[in-house]
2 protein chains.
Amino acid sequence: MSLLGIDVGTTGCKAIVFRDDGAILGSGYREYPLLHPQPTWAELDPDDVWEATKESIREAVTRAGSGDPVKAIAPSSQGEAMTPIDRDGRPLANSIVSFDPRTAPQRDWWEQTWGKQRLFQITGMPLHTMYSLLKMQWVKENQPDVYRTAWKFLCYGDLTTYRLGGPPAIDYSMAGRTMAFDLKACRWSPEILSHADIDPALLPEPHPSGTPVGHVSASVAEELGLPVVDGHGPLLVTGGHDQPCGALGAGITRPGIAMDATGTVECITPAFDHPVLTDGMLENNYCCYHHVAPGLYCTIAFSFTGGSLLRWYRDTFGDKEAEEARVSGLDVYEIILGKAGSHPSPLLVLPHFTVTGTPWFDPHSKGAILGLTLSTTKGEFVKGLVDGVTYEMRLNLDALEGAGVPISELRAIGGGAKSSIWMQVKADVFRRPVYSLDVSEAACLGAAILAGSACGVYGSVQEAADCVVCVKDKYEPREDVAALYDEKYRLFRRIYPALKDLLHEM
Amino acid sequence: MSLLGIDVGTTGCKAIVFRDDGAILGSGYREYPLLHPQPTWAELDPDDVWEATKESIREAVTRAGSGDPVKAIAPSSQGEAMTPIDRDGRPLANSIVSFDPRTAPQRDWWEQTWGKQRLFQITGMPLHTMYSLLKMQWVKENQPDVYRTAWKFLCYGDLTTYRLGGPPAIDYSMAGRTMAFDLKACRWSPEILSHADIDPALLPEPHPSGTPVGHVSASVAEELGLPVVDGHGPLLVTGGHDQPCGALGAGITRPGIAMDATGTVECITPAFDHPVLTDGMLENNYCCYHHVAPGLYCTIAFSFTGGSLLRWYRDTFGDKEAEEARVSGLDVYEIILGKAGSHPSPLLVLPHFTVTGTPWFDPHSKGAILGLTLSTTKGEFVKGLVDGVTYEMRLNLDALEGAGVPISELRAIGGGAKSSIWMQVKADVFRRPVYSLDVSEAACLGAAILAGSACGVYGSVQEAADCVVCVKDKYEPREDVAALYDEKYRLFRRIYPALKDLLHEM
């Protein structure tokens, strides 16, 4: 009995068929173009996404073969982007993706008419242009015909389930990303929808993640190569937002532990067991929403310069290392990181090479490198970059702890988890044990765990995670080195306040 | 009739025989080791220096041939280092070079017992460990036998003239570097020497630069291949401190113009026609002393990271450019600078990669690079370095102007003057015309001009400079680009105040 996890991202869709022990039986991936009808706008054509989703499912199922047919399916997906559909299920417009800034007027309106604090206390979301509610308001104001004709507005997870044959259903984590969902009451917020003059009937029905909501229709199942039993395809189960799905796939199923995903971006997703809506959370721009593991909540702390800083180094100064990689067949990043010593760099790097994530949410900051001398080496330069992104995440761990979300242990996935040098830096700087995992597609795995729990393959989501998530290596803080990092981190904290205004003017 | 200019530096001695039109007939160069009897100490063995001086003179004279015999000789030299000699002219100890910091207690004593302001008003020197007076006091306190036995303490220019056969004579510019010379009265300061309890008889007799003081002795002349006429060798003429000698060699013979020498270090030496002893001079650590051109005064504004920043770049990130230089035969710096655009870099670089020069005199600052983004290119990085060192010198031009030393035009020499890209940056950032010169050894040329004026080869020092200094190219500020640099420079000025404390703690 196999399980299909789907992850609908901003640039592509991945579908993976997992055996119940977590082994990958087959996978498929398709990309779709991000559309820019105006320079800063960013949209997806929902039909492009649906075609790519179908193709990736078909590919995954074909590769998995017929020995272990898919029993249940759940989606993980990007948040916030919503697609208006008519009664026949036809998309009426493109979906506006998360980082499209066109909803600035709507954001300002909420700030003036309600205030951030009141919105945060109900929804757990610190007011930002990204949320679906503002996108719906934008459609209402700028595309009145679309709004009038719309039957439902669906996020990509919901839209996927719906197109596979299910009802319009959304999970709590995804609903949280709309900024229209009452976190504690677990329902759409009547006062927020009423203030925005949005018809509640336009929204899908909220369910906890891992809820069975229907089946793949026979016709779609046949089209995709999925099994048809008793006149219908596999069970459809509510999945979740990609970050908590990834966290589940990394085994984050109890309070106090967090996923640390380092790819281009670095994102820490901790779990906790009650809604945390303190001032510290709002001030530091931490959202609070439902985890996909039952009874838990989560937040996301992130930096947009995780691995992207090393890629910048490679592309700017790494000619020699690239050549070395070509000749030796080694990974270029391993060669680059090999130059970095295991102790703190004398340099301090403010890693704001692009818009910051939490806790600053500063779109106008810039990167800075401090402490250069005529004897600064390439190795110290590279190590400074790695230290800098890690200090920025320590800043987040400290801010989260201060806001009421303590984290005692991290589980690392993504490209950053492959480097033992970087992993040891994380353990030393964070002063917490960091585990690397043997998980490459955590979001799909998390969705598959939800699907499997819903159909009885696993006794519970926790049991499933314990069964399928394998720890590879454990990195412990080295007290003597950690003390040196502490010293540097103390200085690091002063860089942004000292330079903020100057960087804004550059 | 040819002229011999000698330049006795910290690492080596250069001797050049010039034709009266400035053409080089022959040159010689010898290095000597810098001695470190204790880790931070730095000394020269005066016998090493004298042997190297003789060898470089012999080489220069031999290469020049006998067609145009040397008529007069003047020395240019490093300042501050003094050698105690006995009545037989034998050195009694090594000389302590300029940047040796052992005189910190003597500096503190002067600050407490006299104050910086009073010393500055008499000598034109902002109190610092480097000056000869403090070195004499150190010898008196730590090597009492040497002090007791000493007949004279001579700076390297004086010592060279003396060993060639002249009397113990020092020029006004060199005397200024001792911090014991009364700038306005043009004599050793009785009150300073008395306060320091230094016997005035230990010091050589001060003369204006370009004063005939004797002849090379017949025996030394024969040893060095110099002509002997009427029982003695060529005329000996007082030269000067290397910076003003270089300035003269760059044609700085009237108020308002300055030499900009960019080698490893960058140094701006302007001329002015009266002693400027304003608070602005002292606050910004600008000395004021006699120029070697008659009736003029000069100061030095400098940064220890001029060309050394590009050398750091080459050695750290320039593998590819070095390879390109090897293959193409082009100069590696030309290749590196070729990547830099002609407009301001979006980056701002605080060039304090080593101890700063003026106006900060900060031994604890560090370098910083601000404004990095994921799209920052290698060219922008290099250009940032060039812009940064140039902004630092603009800071000096502005501070000098505020202190009463306006500069309307610069004449550039050294490695930096070879790059048309860098020269245009200087013109644009300084908002002043910058001339590049066809002069490679300005200090020796300046000394030769003094020698030639003293023996009647030229009508005056000014006439000589006009005759021998050739302008190569003129760079004018481009108004539109200069306005862009102004904008960046306005931000640059804020970096050091914002980061000073943080950099001190790194």
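Residues numbered from 1 in each chain as written. Chains lettered and ligands numbered in written order. Predicted model: local features only at pLDDT ≥ 70, side-chain atom pairs only at ≥ 80, totals over all residues. Heavy atoms only, no water.

## Some words on the domain arrangement of chain A
Residues and elements named next belong to chain A.
Then, number 1: Here the domain parsing of chain A yields domain 1 (2–243) and domain 2 (251–431 + 477–506).
Then, number 2: The gap between the C-alpha centroids of domain 1 and domain 2 is 30 Å.
Then, number 3: Counting each side, the surface lost to burial between domain 1 and domain 2 is near 1,700 Å², with a carbon and sulfur contribution of 71%.
Then, number 4: Sorting the residues of domain 1 by area buried against domain 2 places F120, L183 and Q243 first, and these three jointly supply 37% of that buried surface.
Then, number 5: At the junction of domain 1 with domain 2, the criterion picks out zero salt bridges.
Then, number 6: Linking domain 1 to domain 2 there are six residue pairs in polar contact (both at pLDDT 80 or more).
Then, number 7: Listed by contribution, the elements that provide at least two residues to the side of domain 1 that touches domain 2 are α3 (116–123), α7 (172–176) and β15 (240–241).
Then, number 8: Here the side of domain 1 that touches domain 2 takes five residues from α3, the largest share from any one element. (Domains from an automatic or database assignment. Buried area = accessible area lost by both parts, 1.4 Å probe. Salt bridge = Lys/Arg side-chain N within 4 Å of Asp/Glu carboxyl O. Polar contact = N/O pair within 3.5 Å; in protein donor to acceptor, adjacent residues only side chain to side chain. Helix = DSSP H or I, 4+ residues; strand = E, 2+ residues; numbered from the N terminus.)

## Notes on the relation of the copies chain B and chain A
Superposition of the two copies of the chain requires a rotation about an axis together with a shift along that axis.
Then, number 1: Superposing chain B onto chain A takes a rotation of 179 degrees combined with a translation of 0.0 Å along the rotation axis, leaving an RMSD of 0.1 Å. These values place the two chain copies in the arrangement generated by a two-fold rotation axis. Considering only C-alpha atoms, the residue of chain B closest to the rotation axis is B:I369, which sits at 2.6 Å.
Then, number 2: A shared binding surface is used by both copies, with 100% of the interface residues of chain B retained as interface residues in chain A. (Least-squares fit on C-alpha atoms with pLDDT ≥ 70 in both. Contact = heavy atoms within 4.5 Å.)

## Some details on a nonpolar patch on the surface
Then, number 1: Where nonpolar side chains cluster on the molecular surface, the patch consists of A:V265, A:F304 and A:V355 and spans about 190 Å² of accessible area.
Then, number 2: Its location among the elements puts A:F304 in the loop between β20 (301–303) and α12 (308–317). (Patch = residues over 30% accessible without salt bridge, like charges linked within 9 Å, V, L, I, M, F, W, Y side chains within 5 Å. Areas by Shrake-Rupley, 256 points an atom, 1.4 Å probe, with all protein chains shown as cover.)

## What to know about the state of the cysteines
Then, number 1: Considering all chains together, one arrives at zero disulfides over all chains under this definition.
Then, number 2: Summary of cysteine pairing: A:C287 is not part of a disulfide, and the nearest cysteine sulfur, belonging to A:C298, is at 6.8 Å.
Then, number 3: With no disulfide of its own, B:C186 lies 11 Å from the sulfur of B:C288, the closest cysteine sulfur.
Then, number 4: With a relative accessible area of 24%, B:C186 lands in the partly exposed category. (Disulfide = S-S within 2.5 Å. Buried < 20%, exposed > 50% of the residue type's maximum accessible area, 1.4 Å probe, protein only.)

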